[in-house]
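Structural characterization, general
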Amino acid sequence: MKVAIIDDEESSIQVLSILLQKHFPDLEIVGTAYNIHDGEDLVHEYEPDILFLDIQMPDGSGFDLLKNLGRNNCSVIFITAYDQYAIKAFKISAVDYLLKPISLTDLQSAIDKCMIMRDFYKKNPISYEDLLKNATAKQHEKVLVLNKYSDEKIIYQRIISIEADSNYVIIHTNQNQKIILSKTLKEIEEAVCDETYYFLRIHKSYIINTQHIKSIQKKDVASVTMQNGQIIEIPQRRKAEILDILNHILIP
């Protein structure tokens, strides 16, 4: 498999190159670049299977480069010194990230994922531009990828709640649909929940769309009633925390 590395720090490229050469002899480093412009030329010329891409560089960001690639069949592994929050919107969508300094365990895991998806990407190029649009969109415009193989999506605002069911989740929509998705609730939480509280993990088995709350029961056993009639209990140990959040984000 062909590998390209784009990072503005020469030391980072050297460390990653050494790790790859020592522990992954089947991977061929076809080129490296230190900026967005040269990196784009590198990808077009060599068409790597795996692209290690720094997020912040002097002439732009790794996201800027992806915008210009169009549909592409390489797997992207982000390299960043920053917390994964900046790219958590991509986690559901078959890309990965490595935090600096890079650990061999994390590198192995990321490469293993790329190996598994290699043939699929060759037949089904990814539009990273679409993923970027989703990452920067307003919450009500975002979409949740239901099936990366068939490109099925659902707009956030259609989702009323997401219910855990073992290693699956059930998505309840405002059109009375129940969509079963092969993800854990934890995976969904990492993808959709953030400081806006558009989605809120209200219970160990439920994430709710706070825009679809019909009413809140605050006394005794606290609960929320959703617009589809679902009544979801708020655990006593989180009652004060959850009610405080809801009081701040919902208009009385």
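Described below are features of the structure shown in this document. (Residues numbered from 1 in each chain as written. Predicted model: local features only at pLDDT ≥ 70, side-chain atom pairs only at ≥ 80, totals over all residues. Heavy atoms only, no water.)

Quick notes on the overall build of the protein
As a reminder, the rule being used: Segments assigned H or I by DSSP are reported as helices when at least four residues long, segments assigned E as strands when at least two residues long, and all are numbered from the N terminus. Working definition: with a 1.4 Å probe on protein chains only, accessible area under 20% of the residue-type maximum means buried, over 50% means exposed, and in between means partly exposed. Throughout, a contact is declared for two residues whenever any of their heavy atoms are within 4.5 Å. Residue exposure ignores everything except the shown protein chains as possible cover, and the areas themselves are Shrake-Rupley values with a 1.4 Å probe.
Helix and strand counts for the protein come out as 7 helices and 19 strands. Looking at the protein residue by residue over its 252 residues, the buried ones come to 48%. Taking all contacts inside the protein whose residues are at least 6 apart in sequence as the whole, residues at least 24 apart take part in 54%. Here the protein displays about 13,400 Å² of accessible surface, and carbon together with sulfur accounts for 47% of that area.

What about the packing of helix α2 (residues 36-46) against helix α3 (residues 62-69)?
Convention followed: All axes are obtained by fitting lines to C-alpha atoms, using only the stretch in contact for helices, and the reported angles, taken between N-to-C directions, cover 0 to 180 degrees. Any angle that is under 35 degrees is reported as roughly parallel, and any over 145 degrees as roughly antiparallel; angles of 65 to 115 degrees are reported as roughly perpendicular and all others as oblique. Should the near helix be turned anticlockwise from the far one by less than a right angle, the crossing is left-handed, and should it be turned clockwise, the crossing is right-handed. Residues are sorted three ways: Asp, Glu, Lys and Arg are charged, Ala, Val, Leu, Ile, Met, Phe, Trp, Tyr, Cys and Pro are nonpolar, and all the rest, Gly among them, are polar.
Running from amino to carboxyl end, α2 crosses α3 at an angle of 40 degrees, the nearest separation of the two axes being 10 Å. Between α2 and α3, the interaxial angle falls into the category oblique. The hand of the α2/α3 crossing is right-handed. In this structure, α2 contributes Ile36, Gly39, Glu40, Val43 and His44 to the contact, and α3 contributes Gly62, Leu65, Asn68 and Leu69. When its residues are assigned to classes, the contact of α2 with α3 shows 4 nonpolar, 4 polar and 1 charged.

Considerations on the packing of aromatic side chains
This is how it is decided: Aromatic rings from Phe, Tyr and Trp, with only the six-membered ring used for Trp, were paired whenever their centres fell within 6.5 Å, and each pair was classed as stacked if the ring planes differed by under 30 degrees, edge-to-face if by over 60, and tilted otherwise.
Under the criterion given, the structure shown has 3 aromatic pairs. Each ring, one from Tyr156 and one from Phe199, has its centre 5.1 Å from the other, and the planes form 85 degrees; the classification is edge-to-face. One end of the pair, Tyr156, is in the loop between β11 (152-155) and β12 (159-165); the other, Phe199, is in strand β15 (residues 199-203), with 43 residues separating them in the sequence. Both residues of the pair, Tyr156 and Phe199, belong to the buried class.

Topic: α3
As a reminder, the rule being used: The arc under discussion is defined with respect to the helix axis, by the directions toward the C-beta atoms.
Among the residues of α3, those classed as buried are Gly62, Phe63, Leu65, Leu66 and Leu69. Projection of α3 onto a plane perpendicular to its axis shows the buried side chains occupying an angular sector of 155 degrees, all on one side.

Observations concerning the sheet that holds strand β13 (residues 168-173)
Quick reminder of the rule: Strands pair, by our definition, only if DSSP identifies at least two bridges between them.
An order of β14-β13-β12-β16-β15 is seen for the 5 strands of this open sheet, with the pairing classed as antiparallel. At either margin of the open sheet sits one strand with a lone partner, and together these are β14 (178-181) and β15. The mean inter-strand angle of the sheet, taken between neighbouring strand axes irrespective of direction, is 20 degrees. Both β12 and strand β16 (residues 206-209) contribute to a ladder of 3 bridges, which runs antiparallel. Its bridge partner being in β16, Ile162 is matched across the sheet by Ile207.

Digging into the side chain of Gln230
Note the threshold: Whenever a nitrogen or oxygen atom comes within 3.5 Å of another N or O atom, the pair is scored as a polar contact, on the condition that within protein one atom can donate a hydrogen and the other can accept it, and that pairs from neighbouring residues in sequence are kept only if both atoms are in side chains.
Examined against the element boundaries, Gln230 turns out to sit in the loop between β18 (223-226) and β19 (231-233). For Gln230, the side chain forms a polar contact with the side chain of Asn228, separated by 3.1 Å. Apart from residues no more than four positions distant in its own chain, Gln230 is found in contact with Ile160, Ser161, His172, Tyr206, Val224 and Thr225.

Examining the environment of Leu107
Here Leu107 is to be found in helix α4 (residues 104-123). For Leu107, a relative accessible area of 0% gives the class buried. Excluding residues that lie within four positions of it along the chain, Leu107 makes contacts with Leu16, Leu19, Leu20, Phe24, Phe52, Leu98 and Ile102.

A short note on the nonpolar core
The test is simple: Put simply, buried Ala, Val, Leu, Ile, Met, Phe, Trp, Tyr and Cys residues joined by side-chain atoms within 4.5 Å make one nonpolar core.
By size, the foremost hydrophobic cluster in this structure holds 21 residues, and its most contacted members are Ile6, Leu51, Leu53, Leu65, Leu66, Val76 and Phe78. For this core, the secondary-structure elements that each account for two or more residues are β1 (2-6), β2 (28-33), α2, β3 (50-54), α3 and β7 (75-80). The greatest single-element share of this core, amounting to 4 residues, is contributed by α3. Not counting chain neighbours up to four residues away, the residues in contact with Ile6 comprise Ala33, Asn35, Gly39, Leu42, Val43, Leu51, Phe52, Leu53, Asp54, Met57 and Leu65. Within the second largest apolar cluster, 19 residues are counted, among which are Val3, Ile5, Phe52 and Cys114.

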